[in-house]
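Chains, contacts and geometry: an overview
Residue strings, one per chain:
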Amino acid sequence: MPSIREIISAIETLAPPELQEKWDNTGWQVRTLPPDTACSGALVCLDVSAAIVDEALSLGANLIIAHHPLIFKGVRQVTPDDKTGRAIIAAIRGGVDIYASHTALDSAPRGINARLASLLGLRDVEVLDPAAAGGEAGLGRIGNLPQALSREEFLDLVAERLDTTYIRATEGPGGRVERVALCGGSGSEFIEEAIARGADAYVTSDTRYHPLIDFGREILIADTCHYESEKCAKNIFVEEISKKFPNFAVYMSAREKSPVTIK
């Protein structure tokens, strides 16, 4: 049985913490167990809650690996009166450590944005916003589809490959879509870069009204739910851990689902 240190080492080899953005809190969120404690199992998720901690305990797992940090802004008090406090208390009481790989995983060469580019079948993929360290790391990706698609064909492709029924889409400039840029999660700040790099379409989430108005005719903006744009993080975690520790118990949360339903 690998130690907690060994499991986290595998995650940090995939997504080194130094790749995180300056404002981020990638890394340990709750750590009460000695690093060399045997890891009885790991549960992966996007967002940590007390329910996710309970799920880990029910599985006999003493480690949770999340994409989004549980502790993001400064915590002035830990009480059961809010979501973060309830999760922290449940983790400490249950002896469950929590680690998050957020923008480090977004930027990693084999992280979320690289996976999204692969899911969409993009070729000749490049980083949209390269990390300071250079190389293949950075936020977003841009590449070319194997063949040009109509607007509707492209939106159908995004819906199918990201497994979502919800996409807000601008009109775009018309014509066919071949060059595509993307950024998992909230990535509207890269719309202008996508346009400058010749993208016909840009896939992201959480785009506010004014960027849609300002750029929606210059480029087809396909805005998905945040959860659907990043849920592949769970697959990435499971695959990476299972590859290095084939007989280790790593679980994908069965309780977690998108917080948004579409009527």
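This paragraph deals with unusual backbone geometry. With phi around 50°, D124 is a residue other than glycine that occupies positive phi space. Within the fold, D124 resides in strand 5 (residues 123–130). Residue class for D124 comes out exposed when judged on its relative accessible area of 61%. Unusually for a residue other than glycine, D206 sits at a positive phi of about 65°. Locating D206 in the fold gives a position in the loop between strand 9 (201–205) and helix 8 (209–215).

Here the focus is the packing of aromatic side chains. What the rule picks out here adds up to two aromatic pairs. Pairing W23 with F72 gives two aromatic rings, centres 6.0 Å apart and planes at 70°, and the pair type is edge-to-face. Of the two residues, W23 sits in the loop between helix 1 (4–14) and strand 1 (27–30) while F72 sits in the loop between strand 3 (63–66) and helix 3 (83–94), which places them 49 residues apart along the sequence. Residue classification places W23 among the exposed residues on the basis of a relative accessible area of 53%. The interplanar angle of 85° and the centroid separation of 5.5 Å between the aromatic rings of W28 and Y99 together place this pair among those described as edge-to-face. Of the two residues, W28 sits in strand 1 while Y99 sits in strand 4 (residues 97–100), which places them 71 residues apart along the sequence.

One pass over the full model with this rule turns up 12 salt bridges. Its salt-bridge partner being D36, residue R5 comes within 2.9 Å of it at the nearest N-O pair. Note that R5 is positioned in helix 1 and D36 in the loop between strand 1 and strand 2 (42–45), a separation of 31 residues in sequence. Of the residues examined, R5 reaches a relative accessible area of 44% and is grouped as partly exposed. With its nearest N and O atoms 3.2 Å apart, the salt bridge here joins E256 to K234. With E256 in the segment after strand 11 (250–252) and K234 in helix 10 (residues 232–244), this residue pair connects regions lying 22 residues apart in the sequence. E256 gets classed as buried once you look at its relative accessible area, which sits at 13%.

The next subject is the environment of V48. Residue placement: V48 occurs in the loop between strand 2 and helix 2 (50–59). Relative accessible area serves as the criterion here: at 3%, V48 is assigned to the buried category. Along the backbone, V48 and T84 are 36 residues apart, and their C-alpha atoms lie at a distance of 8.3 Å. The contacts of V48, once residues within four sequence positions are left out, are V53, I64, A66, L70, K83, A87 and I98.

Before going further, it helps to spend a moment on empty space enclosed by the protein. Counted by the stated rule, this structure contains one cavity of 30 Å³ or more. Space inside the largest cavity adds up to approximately 40 Å³. As for the largest cavity, its lining consists of L116, L162, L182, C183, V203, T224 and S229. The residue inventory of the lining of the largest cavity, partitioned by class, reads five nonpolar, two polar and no charged.

If you trace the backbone, R197 turns up in the loop between helix 7 (191–196) and strand 9. Residues R197 and A181 lie 16 residues apart in sequence; the distance between their C-alpha atoms is 8.6 Å. The contacts of R197, once residues within four sequence positions are left out, are E126, V127, L128, I142 and R179. A distance of 3.1 Å separates the side chain of R197 from the side chain of E126, its partner in a polar contact. At 3.2 Å, the side chain of R197 forms a polar contact with the backbone oxygen of L128.

Cut-off values and rules
- Residues numbered from 1 in each chain as written.
- Predicted model: local features only at pLDDT ≥ 70, side-chain atom pairs only at ≥ 80, totals over all residues.
- Heavy atoms only, no water.
- Helix = DSSP H or I, 4+ residues; strand = E, 2+ residues; numbered from the N terminus.
- Buried < 20%, exposed > 50% of the residue type's maximum accessible area, 1.4 Å probe, protein only.
- Phe/Tyr/Trp six-rings, centres within 6.5 Å; stacked < 30°, edge-to-face > 60°.
- Salt bridge = Lys/Arg side-chain N within 4 Å of Asp/Glu carboxyl O.
- Contact = heavy atoms within 4.5 Å.
- 1 Å grid on protein atoms, 1.4 Å probe; cavity = no way out; pocket = protein on both sides within 12 Å on 5 of 7 lines; lining within 4 Å.
- Points joined across faces, edges and corners; volume = space filled by probe spheres on them.
- Nonpolar A, V, L, I, M, F, W, Y, C, P; charged D, E, K, R; others polar.
- Polar contact = N/O pair within 3.5 Å; in protein donor to acceptor, adjacent residues only side chain to side chain.

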